[in-house]
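One-letter residues, chain by chain:
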Amino acid sequence: MIEQAIFEFDELATCAKEDLDDEMYDFAPEFRAMSRSLSALHHQVIGKVAFVDSRGLAFMRRAQQIRFVIPFFGLIQAIDEACRKGVSG
């Protein structure tokens with residue numbers, strides 16, 4: 001799920017940046033930052049049998065504010081919930 005969300009944010013940032021007239025253009029740097037944050041999380045969980053971070057995703061508050069421009073918001077919401085509740089196996 002994390003790898004998919006990274007891909008989606010990278011694609012969204014690329015599309016937003018290419019269309020200067022689109023309202024999404026201004027969000028491109030935030031999408032890139034969210035992708036980098038997920039990449040860091042991915043590195044944290046690789047090789048672990050269990051993972052929990054009760055804080056969840058660091059950018060989740062901002063993502064909720066702009067959820068109307070994130071078509072895969074449900075995916076990052078699921079990742080955030082998994083972080084907060086923990087996963088194993």
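Parameters and conventions
- Residues numbered from 1 in each chain as written.
- Predicted model: local features only at pLDDT ≥ 70, side-chain atom pairs only at ≥ 80, totals over all residues.
- Heavy atoms only, no water.
- Core = buried A, V, L, I, M, F, W, Y, C linked by side-chain atoms within 4.5 Å.
- Buried < 20%, exposed > 50% of the residue type's maximum accessible area, 1.4 Å probe, protein only.
- Helix = DSSP H or I, 4+ residues; strand = E, 2+ residues; numbered from the N terminus.
- Contact = heavy atoms within 4.5 Å.
- Polar contact = N/O pair within 3.5 Å; in protein donor to acceptor, adjacent residues only side chain to side chain.
- 1 Å grid on protein atoms, 1.4 Å probe; cavity = no way out; pocket = protein on both sides within 12 Å on 5 of 7 lines; lining within 4 Å.
- Points joined across faces, edges and corners; volume = space filled by probe spheres on them.
- Nonpolar A, V, L, I, M, F, W, Y, C, P; charged D, E, K, R; others polar.

### Things to note about the nonpolar core
One finds F9, F31, L38, L57, I70 and I76 to be the most contacted residues of the largest nonpolar core, which totals 27 residues. Listed by contribution, the elements that provide at least two residues to this core are α1 (2-18), α2 (28-45), α3 (60-65) and α4 (73-85). Setting aside residues up to four positions removed in sequence, L57 forms contacts with L38, L41, I76, I79, D80 and C83.

### Some points on the side chain of H42
Here H42 lies in helix α2. For H42, the side chain forms a polar contact with the side chain of E3, separated by 3.3 Å. If we ignore the near neighbours within four places in the chain, the residues touching H42 are I2, E3 and I6.

### Remarks on the layout of surface pockets
Estimates place the volume of the largest pocket at around 210 Å³. Within the residue set of the lining of the largest pocket, elements represented by two or more residues are α2, β1 (50-51), α4 and β2 (87-88). Take the lining of the largest pocket: its biggest share by element is three residues, from α4. A per-class count over the lining of the largest pocket returns 11 nonpolar, two polar and one charged. The computed volume of the second largest pocket comes to approximately 160 Å³. It is α2 that contributes the most residues to the lining of the second largest pocket, four residues altogether. When grouped by side-chain class, the residues that make up the lining of the second largest pocket number six nonpolar, three polar and two charged.

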